[in-house]
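The residues making up each chain are set out below.
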Amino acid sequence: MVIFGATGDLTYRKLIPALYALYNQQMLPEKFRVLGIGRSAVSVIDFREKMILGIRKFSEEKHLDDQQIIEFSNCLSYFHMDFNDLGDYLKLKIALKELEECDDKCGNYLFYLSMPPDMFSIIAGNLGKVGLSSTDDGFRRLIVEKPFGYDLESGLELNRRLHEAFDESQIYRIDHYLGKETVQNLLVMRFANGIFEPLWNRNYVHHIEITSAESIGVESRGGYYDGSGALRDMLQNHLLQVVGLTAMEPPSSMDSDAIRNETLKVLQSLKPITEDEVSKHVIRGQYVASHVRGELQPGYREEKGVNPDSRTETFVAMKFFIDNWRWGGVPFYIRTGKRLPTRVTEVVVHFRPAPHTLFQQDDFAIPNNQLIIRIQPDEGILIKFGMKLPGAGFNVKSVNMDFHYSELSEVHLPSAYERLIYDAMVGDSTLYARADAVEAAWKFVAPIQNAWATNPEIKMYGYPAGTWGPENADDLIEEKDISWRYPCKNLADDGNYCEL
Ligand code: BG6
């Protein structure tokens, strides 16, 4: 495995701990080597030491065995080069052969681009030029981290440039949301059970809500984030992939293309939001300074690396439809934001009400049935339904039927990177984003990007850090008695804790 950007944060925090977890479970090939590549000259010893620290700090393994960590670190090497210099790629080719102790026929290479996006096509192109993308000797796969472009045009251009050196079947675009157990469980829940699928359509579903909330701000990534914003950073990729798995038709098999063909169809069926409709269907916001749990949190514009006049959104909520037979007329509401009251990602399927109200409720309306798929934290599934309150009369109370993954205590929940790197090694691209899906997602968000860029009248709402975003997001839901699900209260108002 050849990691470009080996001195960066991702390698240290995620990739190496994930590889160590695979090593621990004996899931790596016997002759496995990692070649970390960076611009700076770092000795192999120093590189190994830093990675060992990364494992100690970020590994999710329950018991860390020092001896085993050292053994694992012996498979790590380092090579420094100038990514723009073709001559250095020829040297890399030789370094790889030496590492493998092979002459003509070498083993399999997995290239991982953990680099700023402007380097993706340069590195891929140069690998191609020196013959490192040719599959004559073994497999050559390329894992690319997001962002896959900045908008439709740059997304198309990136795919075109990657395809000049690598075939689509060799490219693995990582979307770490697809590596999350509960996201994958959407497939199992829907297609391994007989009870859900008959209800999973416009006849029984009233609307679907997807929330991905983060309590953290932009942390040290202000510079990157300010050029991105919530729409590009979370919605265009992670959330639309979750929409794809929630709304897809049953695939004909578990073959990676069979599954990805179905999620692609969903993305292609998203009803376009025209530029004129953007202000009505999409709400954007930016957090402003506020007290959260008694502590003053800075506003987005005060964060390091952020332009003090920034118009970048840290919150986005939207309403849209999927124009197909299954979902025609069913509203989908999605929202994501930073500095919200808690960290939670969930899909909520709201079912239609019972056709006739038999049981009167004096104080409050009986809530419709909900199926909540909690992607994180406390991964699990919850069904809400009405039960009779014991005693006289027929008073109805909404109760929960709850399953938590943590109850399967004997099961190891792999981290997203662990699962995805393993899949790339065995050539399973099911959980990776295909070029056509990325392009379909860019196409859907393009009018929103254009409207925001060209129409200054479209409002950017401020919201106090620690709240659920601008209240205007509530206006997206026009029906009375229906609102977003709020798993916990605004921390900025009352300092209350969250109960999921
Ligand atoms: C990343 C975004 O892709 O996903 C981050 O760039 C975001 O801004 C992160 O914080 C969220 O991932 P998770 O797994 O913590 O929900």
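Scoring rules and cut-offs
Residues numbered from 1 in each chain as written. Predicted model: local features only at pLDDT ≥ 70, side-chain atom pairs only at ≥ 80, totals over all residues. Heavy atoms only, no water. Helix = DSSP H or I, 4+ residues; strand = E, 2+ residues; numbered from the N terminus. Buried < 20%, exposed > 50% of the residue type's maximum accessible area, 1.4 Å probe, protein only. Lys, Arg positive; Asp, Glu negative; His and termini not counted. Salt bridge = Lys/Arg side-chain N within 4 Å of Asp/Glu carboxyl O. Polar contact = N/O pair within 3.5 Å; in protein donor to acceptor, adjacent residues only side chain to side chain. Contact = heavy atoms within 4.5 Å. 1 Å grid on protein atoms, 1.4 Å probe; cavity = no way out; pocket = protein on both sides within 12 Å on 5 of 7 lines; lining within 4 Å. Points joined across faces, edges and corners; volume = space filled by probe spheres on them. Nonpolar A, V, L, I, M, F, W, Y, C, P; charged D, E, K, R; others polar. Phe/Tyr/Trp six-rings, centres within 6.5 Å; stacked < 30°, edge-to-face > 60°. Lys NZ or Arg CZ within 6 Å of the ring centre and 35° of its normal.

Enquirer: Would you mind showing me how to read the environment of valine 396 here?
Expert: On the secondary structure map, valine 396 appears in strand β16 (residues 396-404). The buried category is assigned to valine 396, whose relative accessible area is 13%. Residues valine 396 and asparagine 368, spaced 28 residues apart in sequence, show a C-alpha to C-alpha distance of 12 Å.

Enquirer: Would you mind going over the side chain of arginine 339 with me for this structure?
Expert: Looking at the element boundaries, arginine 339 is found in the loop between β12 (332-337) and β13 (344-351). The buried charged residue arginine 339 lacks any salt bridge, with glutamate 303 as its nearest oppositely charged partner at 4.2 Å. Among the polar contacts listed, one links the side chain of arginine 339 to the side chain of glutamine 297, at a separation of 3.1 Å. Aside from chain neighbours lying at most four places away, what touches arginine 339 is Glu214, Ser215, Ile216, Gly217, Tyr287, Gln297, Pro298, Glu303, Tyr463, Ala465, Gly466 and Thr467.

Enquirer: Any chance you could explain empty space enclosed by the protein here in plain terms?
Expert: Gaps between atoms show up when a probe of the same size as a water molecule is rolled over them. Per the counting criterion, the structure on display carries two cavities of 30 Å³ or more. Estimates place the volume of the largest cavity at around 110 Å³. Around the largest cavity, the lining comprises 14 residues; the ones closest to its centre are Leu178, Gln241, Arg260, Thr263 and Thr430. If you list the elements that add at least two residues to the lining of the largest cavity, you get α7 (181-191), α9 (230-247), α10 (256-269) and β17 (432-433). When its residues are assigned to classes, the lining of the largest cavity shows eight nonpolar, four polar and two charged. Of the volumes computed, that of the second largest cavity is approximately 70 Å³. Lining the second largest cavity, in full, are Phe148, Asp175, Gln236, Asn237, Leu240, Gln241, Leu267, Ala433, Ala437, Val438 and Ala441.

Enquirer: Could you clarify how one ought to interpret the packing of aromatic side chains in this entry?
Expert: To describe a pair of aromatic rings, you give the distance between the ring centres and the angle between the ring planes. Throughout the structure, instances matching the rule amount to 18 aromatic pairs. The interplanar angle of 70 degrees and the centroid separation of 6.1 Å between the aromatic rings of tyrosine 225 and tyrosine 300 together place this pair among those described as edge-to-face. Here tyrosine 225, found in helix α8 (residues 222-226), pairs with tyrosine 300, found in the loop between β10 (295-297) and β11 (315-320); they are 75 residues apart in sequence, far enough to count as distant. Taking relative accessible area as the criterion, tyrosine 300 reaches 0% and is therefore assigned buried. Members of the aromatic cluster, joined through ring pairs, are Tyr225, Tyr287, Tyr300, Phe315 and Tyr463. Sitting over the ring of tyrosine 287, arginine 339 keeps its end group 5.9 Å from the ring centre. Cation over ring: lysine 388 sits above phenylalanine 394, and NZ or CZ is 5.8 Å from the ring centre.

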